[in-house]
Amino acid sequence: MRYVLFLAVPALLFVVPWWLLVYTSTDGPLLAIGSAVFLLAFLALPAAMILGHGRTQSDAAAVLGDSLLGVAWVLFSWSVLGAVARAVLIVAGVDDPVRSRAVAIAVLAIAAGLIGWGIVEARRVPRIREVTVPIAGLGAGFDGARLVVLTDTHYGPLNRLRWSQRVVEAVNALSADIVCHTGDLADGPVARRRGQVDPLGKVAAPLGRFYITGNHEYYGDAPGWIEHMAGLGWQPLHNEHRMLERGGDRLVLAGIDDPTGVTVPGHGPDLAAALAGADSRLPVVLLAHQPKQIADAVSAGVALQISGHTHGGQIWPFHYLVRLDQPVVAGLSQHGPTQLYTSRGTGFWGPPLRVFAPSEITVLTLRSRVTA
């Protein structure tokens, strides 16, 4: 069944655009050439994914497979919309070949534009997003404290060393008090990705730099990345907390593992352990990779949870599928007494595209809020 699904998904992604862009709008040699191109892409996608993300771990194959996946998703999504437009033209009485060719040209033009724009968006230094977060019980010493969030950098087969350096430069220009990385640091083992990650050692934050694991660390080498980040001067929060002090006041900053961590002995989220020994009178800021971990945060009385994982959907309209698994896709939201900030992510996973889901470096400015 897994093999069937592995082939069925790319088949669906390619069949719909093939039908709209080739079968309904071309004939003769163009039909043969177009069909051959789609068939080759269909065969190349699973082959590249196996070579790139399987035992071989070929970075070149991974880049090819991930890129094909992104292109296929954009073509599929807009071909579905094109099919709707085609149906409208049928009702309006527009005949073929004008109808089919007009729709095919429009879909191709839009998809090509979005793919080009998506590549630029994915590779650029993320925009700075500033959000003010009022927190009940926050001491005056922390009023105005700037907490910068990085997440989902996904350093991987496409070498982004210069991008990593520029991200660090952008972070250091923000005068952060605290910097956090909420997981999915890299795809692959430390030995292969450390060069891209090492610039993070130059991030400056007087109250500390903190890191938690995401699900992708557990697909590779989570213990290795925890050790490596510690070596770069970051403080991994492996189901633990730190007491921060500023201006004579204190704040609890805690971090928990991603749920995927249960696959590794001694890992997996444990909020009770993370808060053990913390002063219950102080507000808690919790780092938890997935937004859906908010349920435990609410039960524990956490003031603010900071998450990533969703990428904001990364390539429209994938956010509708993300929303089936997560309570929030992006932004600041309220869940009972607990606030949740979900970042769209700093980097990208897999397809080097971002369409209608721009990356971000987030500055959360903490403000005191008087309780009723």
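Given the structure is predicted, the values throughout are model-derived calculations rather than measurements.

A. Up close: the packing of aromatic side chains. Enumeration over the complete set of coordinates arrives at eight aromatic pairs. Aromatic side chains Trp18 and Tyr23 sit 5.4 Å apart centroid to centroid with 35° between the ring planes, which places their arrangement in the tilted category. Assessed through its relative accessible area of 25%, Trp18 is described here as partly exposed. The interplanar angle of 35° and the centroid separation of 5.9 Å between the aromatic rings of Trp73 and Phe76 together place this pair among those described as tilted. Of this pair, Trp73 and Phe76 both sit in helix α3 (residues 59–91), three residues apart, which is roughly one turn of the helix. In this structure Trp73 comes out as buried when scored by relative accessible area, which is 16%. An aromatic cluster of three or more residues is present, and its members are Trp78, Trp117, Trp316 and Phe356. Note that Arg160 overlies the ring of Trp163, its terminal NZ or CZ placed 4.9 Å from the centroid. Sitting above the plane of the Phe348 ring, Arg160 keeps its charged end 4.5 Å from the centroid.

B. Representation of the side chain of Arg344 within the structure. In this structure, Arg344 sits in the loop between β11 (338–342) and β12 (360–369). For Arg344, the side chain forms a polar contact with the main-chain oxygen of Pro358, separated by 2.7 Å.

C. Structural context of unusual backbone geometry. Between Asp96 and Pro97 the backbone carries a cis peptide bond, its omega angle lying at 5°. Within the element layout of this structure, Pro97 appears in the loop between α3 and α4 (98–123). Cis geometry marks the peptide bond from Trp316 to Pro317; its omega dihedral reads 5°. The backbone of Ser175 shows a phi angle near 55°, a positive value even though the residue is not glycine. Positive phi is not limited to glycine here, since His309 has a value of about 75°.

D. Focus on the sheet that holds strand β1 (residues 127–136). The strand order across the open sheet formed by six strands is β1-β12-β2-β3-β4-β5, and the pairing between neighbours is mixed. Looking at the sheet topology across the chains shown, the edges are occupied by β1 and β5 (235–236). Bridge count between strand β3 (residues 178–181) and strand β4 (residues 209–211): three bridges; the pairing is parallel. Along β4, the bridge assignment pairs Cys180 with Phe210.

E. Geometry of the environment of Leu324. For Leu324, the position within the fold is in the loop between α10 (319–322) and β10 (331–335). Separated by 179 residues in sequence, Leu324 and Ala145 place their C-alpha atoms 34 Å apart.

F. Focus on the environment of Pro259. Here Pro259 shows up in the loop between β7 (249–255) and α8 (271–275). By relative accessible area, Pro259 is classed as partly exposed at 29%. Along the sequence, Pro259 and Tyr218 sit 41 residues apart, while their C-alpha atoms lie 9.6 Å from each other. For Pro259, the contacting residues outside a window of four places in its chain are Pro269, Gln290 and Gln293.

G. How the structure looks around the sheet that holds β10. Here six strands make up an open sheet; going across it, the order is β6-β7-β8-β9-β11-β10 and the pairing mixed. At either margin of the open sheet sits one strand with a lone partner, and together these are β6 (240–246) and β10. Adjacent strand axes in the sheet meet at a mean angle of 20°, parallel and antiparallel pairs treated alike.

H. Expanded view of helix α7 (residues 222–231). Among the residues making up α7, those that are buried are Ala222, Gly224, Trp225, Ile226, His228 and Met229. Contacts made by the buried residues of α7 are with α6 (190–197), β4 and β5. The N-capping residue of α7, defined by a side-chain oxygen 3.1 Å from the backbone nitrogen of Gly224, is Asp221. Just downstream of α7, Gly233 is the residue with a positive phi angle, here 95°.

Here is what the cut-offs are and how they apply
- Residues numbered from 1 in each chain as written.
- Predicted model: local features only at pLDDT ≥ 70, side-chain atom pairs only at ≥ 80, totals over all residues.
- Heavy atoms only, no water.
- Phe/Tyr/Trp six-rings, centres within 6.5 Å; stacked < 30°, edge-to-face > 60°.
- Buried < 20%, exposed > 50% of the residue type's maximum accessible area, 1.4 Å probe, protein only.
- Helix = DSSP H or I, 4+ residues; strand = E, 2+ residues; numbered from the N terminus.
- Lys NZ or Arg CZ within 6 Å of the ring centre and 35° of its normal.
- Polar contact = N/O pair within 3.5 Å; in protein donor to acceptor, adjacent residues only side chain to side chain.
- Pairing = 2+ DSSP bridges.
- Contact = heavy atoms within 4.5 Å.
- Axes fitted to C-alpha atoms, helices over the stretch in contact; angles between N-to-C directions.

Fair warning: the whole summary comes from geometry, so function is off the table for now.
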